[in-house]
Amino acid sequence: MTRPDTVTHTDTHMATQSDKHYLAGLDLTGRRVVVVGAGPVAQRRLPRLISAGAIVEVIAPAATPAVEALADAGEITWHQREYRDGDLGDAWYAVAATAYHAVNAAVGAEAERHRVFCVRSDDASQGTAVTPAVAEHDGLLLGVLAGGKPRRSAGVRDALLEALHSGVVDEHAEAPAPGVALIGGGPGAPDLVTVRARRLLAKADMVLTDHLAPRELLEELGSHVEVVDVSKIPYGRAANQTVINETLIEAARAGKFVVRLKGGDPYVFGRGFEELLACAEAGVAVTVVPGVTSAFAAPAMAEVPVTHRGVAHEVVVVSGHVAPDDERSLVDWPALARLSGTLVLLMAVQRIESFAEVLIKNGRPADTPVAVIQEASTETQQSVHTTLAQAAEDVRNADVKPPAVVVIGPVAGLKH
């Protein structure tokens, strides 16, 4: 009698054969796919089957909340019962994803009889199909198989995806259409930029950037890419906005794909909409790519939540580029002082004393916690924790320089 853990010659042959897979792109649009099981494994597999256009039916007595939500939304059909022989009738593809080997084996056996390709989550070698490590990039669908070694296939997939995002691997059959992309670069660290931003940056013929954008991204650009510095240094040299607009338009009209790379988000005090309007008036196509705004990212990097249950129910983001008594100011400082939640001030370091004074004068307690975060997410990040009354003096003593984000409110005093 053969011990259960003994591998026979036949089993070894099957395992070896299972490593020799044939990659094929299945068109599952409008075709019935049966997934047996509704646990974490099924939860991972369902989204791509749905996006492929399959008619997905799930068979399981219980489901994770996420799978149940897909059923409630009508994206799948959930048969809330045990699997029964015959459930794969008319199916084109099957996934056996229960926690029970016997059930998965029964699903696999039925699939074999009906000549339906079947993935076994418990034992890939016993299925007739395997799920590759998959990723999408700008219309490309990447699939990597590594002979039953999922960590290896996932690692190769991630490396390929990174190479495509950074432009190390150029997949472009044709040059991108002329136009402008307004891209938010996030708070500063290059790995906090969005995937879409990296993808479009890799296509650029020209990049207009400033000192707040992640400068490491410029190193990844090809030698043919023209880089134009349009920085606006606080209280120093500043590129003229009209000149920036004209440069974008002229380059796009000359047939170039132009990226306007900004720090944070282009629509949060970034003049992104001004540039969009200028391009639209000139008939230049524009793509807007949101970025992670420093208004929320900088506090997070300093472990300061801008909201917290029972502490702050509102967040107000304010530009500090003009003083409270400046006739150009559009901010109702007395109203802000009456709020009990969180104020996030951008471009406010130079005038922090004025802002603190007007808030205290109009009702904000002098001992309100304040956090000031300089150059968040970079190697030179530093934080100052103080109070509204002491903020100006402590910022001076710490020699805080722009760019910095000021957080005012109870959340700035939370500890973990």
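Residues numbered from 1 in each chain as written. Predicted model: local features only at pLDDT ≥ 70, side-chain atom pairs only at ≥ 80, totals over all residues. Heavy atoms only, no water.

Looking at an unreviewed UniProt entry, the protein carries the name Uroporphyrinogen-III C-methyltransferase, with the source organism given as Saccharopolyspora halophila. Quoted straight from UniProt, the Pathway (unreviewed entry) entry for the protein says "Porphyrin-containing compound metabolism; siroheme biosynthesis; sirohydrochlorin from precorrin-2: step 1/1." Note on the protein: under the UniProt heading Catalytic activity (unreviewed entry), the record states "precorrin-2 + NAD(+) = sirohydrochlorin + NADH + 2 H(+)". (UniProt positions renumbered as here; feature names shortened; annotations may be inferred.)

Caption draft 1: Representation of the side chain of serine 377 in the model. Its place among the elements puts serine 377 in the loop between β15 (369-374) and β16 (382-387). At a separation of 2.9 Å, a polar atom in the side chain of serine 377 contacts the main-chain amide nitrogen of alanine 189. Not counting residues up to four positions away in its chain, the partners in contact with serine 377 are Pro187, Gly188, Ala189, Leu192 and Met301. (Helix = DSSP H or I, 4+ residues; strand = E, 2+ residues; numbered from the N terminus. Polar contact = N/O pair within 3.5 Å; in protein donor to acceptor, adjacent residues only side chain to side chain. Contact = heavy atoms within 4.5 Å.)

Caption draft 2: Representation of the side chain of threonine 293. Topologically, threonine 293 is positioned in the loop between β12 (286-289) and α9 (294-301). Among all residues touching threonine 293, those that are not within four sequence positions of it are Gly264, Asp265 and Val268.

Caption draft 3: Local environment of a nonpolar patch on the surface. A cluster of nonpolar side chains, Tyr267, Phe273 and Leu277, forms an exposed patch at the surface whose accessible area comes to about 300 Å². Using a relative accessible area of 41% as the deciding quantity, one classes tyrosine 267 as partly exposed. (Patch = residues over 30% accessible without salt bridge, like charges linked within 9 Å, V, L, I, M, F, W, Y side chains within 5 Å. Areas by Shrake-Rupley, 256 points an atom, 1.4 Å probe, with all protein chains shown as cover. Salt bridge = Lys/Arg side-chain N within 4 Å of Asp/Glu carboxyl O. Buried < 20%, exposed > 50% of the residue type's maximum accessible area, 1.4 Å probe, protein only.)

Caption draft 4: Representation of the nonpolar core within the structure. Of all hydrophobic cores here, the largest spans 24 residues; its most connected members are Trp333, Leu345, Leu359, Val372, Val406 and Ile408. Elements with a minimum of two residues in this core: α10 (333-338), β14 (342-346), α11 (352-361), β15, α12 (391-397) and β17 (404-408). Among the elements that line this core, the one with the most residues is α11, at five residues. In this structure, valine 372 is in contact with Ile352, Gln382, Ser383, Val384, Val395, Val400, Ala404, Val405 and Val406, ignoring residues within four places of it in sequence. Counting residues in each nonpolar core, the second largest holds 21 residues, with Val33, Ala60, Ile76 and Ala129 among its members. (Core = buried A, V, L, I, M, F, W, Y, C linked by side-chain atoms within 4.5 Å.)

Caption draft 5: Structural context of the sheet that holds β16. Spatially, the five strands line up as an open sheet ordered β13-β14-β17-β15-β16, and their pairing is mixed. Taken across any chain shown, the strands that pair with only one partner, and hence form the sheet edges, are β13 (315-319) and β16. Geometrically, the sheet is characterised by an average inter-axis angle of 20° between neighbouring strands, direction not taken into account. Pairing analysis gives five bridges linking β13 to β14, with the strands arranged parallel. Paired with valine 317 across the bridge in β14 is valine 344. Relative to β17, α9 is tilted by about 80°, and along the sheet it contacts β13, β14, β15 and β17. (Pairing = 2+ DSSP bridges. Axes fitted to C-alpha atoms, helices over the stretch in contact; angles between N-to-C directions.)

Caption draft 6: Inspection of the packing of helix α7 (residues 241-253) against helix α8 (residues 272-281) at higher detail. Relative orientation of the contacting elements α7 and α8 amounts to 45°, with a least axis distance of 10 Å. By the angle class used here, α7 and α8 are oblique. The interaxial crossing formed by α7 with α8 has right-handed handedness. For the pair α7 and α8, contact is made by Gln241, Ile244, Asn245, Leu248 and Ile249 and by Glu274, Glu275, Ala278 and Cys279, respectively. Taken together, the residues of the contact of α7 with α8 break down into five nonpolar, two polar and two charged. (Parallel < 35°, antiparallel > 145°, perpendicular 65-115°, else oblique. Left-handed = near helix turned anticlockwise from the far one by under 90°. Nonpolar A, V, L, I, M, F, W, Y, C, P; charged D, E, K, R; others polar.)

Caption draft 7: Representation of the packing of helix α2 (residues 40-51) against helix α3 (residues 65-72) in the model. It is the contact of α2 with α3, at a shortest axis distance of 9 Å, that shows an interaxial angle of 30°. When the axis of α2 is compared with that of α3, the two are roughly parallel. For the pair α2 and α3, the sense of crossing is left-handed. Here α2 contributes Gln43, Leu46 and Ile50 to the contact with α3, which in turn contributes Ala66, Val67 and Leu70.

Caption draft 8: The arrangement of unusual backbone geometry in detail. The residue after proline 402, namely proline 403, is reached through a cis peptide bond having omega 0°. Tracing the backbone shows proline 403 in the loop between α12 and β17. Phi at serine 377 is positive, roughly 75°, even though this residue is not glycine. Judged by relative accessible area, which is 15%, serine 377 ranks as buried.

Caption draft 9: Region of the structure containing the packing of aromatic side chains. Inspection of every chain in the model, using the stated rule, returns two aromatic pairs. When the centroid spacing of 6.0 Å and the interplanar angle of 90° are considered together, the rings of tyrosine 267 and phenylalanine 273 count as edge-to-face. Taken together, a centroid distance of 4.9 Å and an interplanar angle of 20° make the contact between tryptophan 333 and phenylalanine 355 stacked. Here the residue tryptophan 333 occupies a position in helix α10, and phenylalanine 355 occupies one in helix α11, the gap between them amounting to 22 residues. (Phe/Tyr/Trp six-rings, centres within 6.5 Å; stacked < 30°, edge-to-face > 60°.)

Caption draft 10: Structural detail: the pattern of salt bridges. Applying the stated criterion across every chain yields a total of 17 salt bridges. Between arginine 81 and aspartate 87 there is a salt bridge, with its nearest N and O atoms 2.9 Å apart. In this structure arginine 81 comes out as partly exposed when scored by relative accessible area, which is 22%. Its salt-bridge partner being glutamate 162, residue arginine 198 comes within 2.9 Å of it at the nearest N-O pair. Of the two residues, arginine 198 is situated in helix α6 (residues 195-201) and glutamate 162 in helix α5 (residues 150-166); the sequence distance between them amounts to 36 residues. A relative accessible area of 10% means that arginine 198 is categorised as buried. We classify glutamate 162 as partly exposed; its relative accessible area is 40%. If you follow the salt bridges from partner to partner, you end up with Asp210, Arg260, Lys262 and Glu275 in one network.

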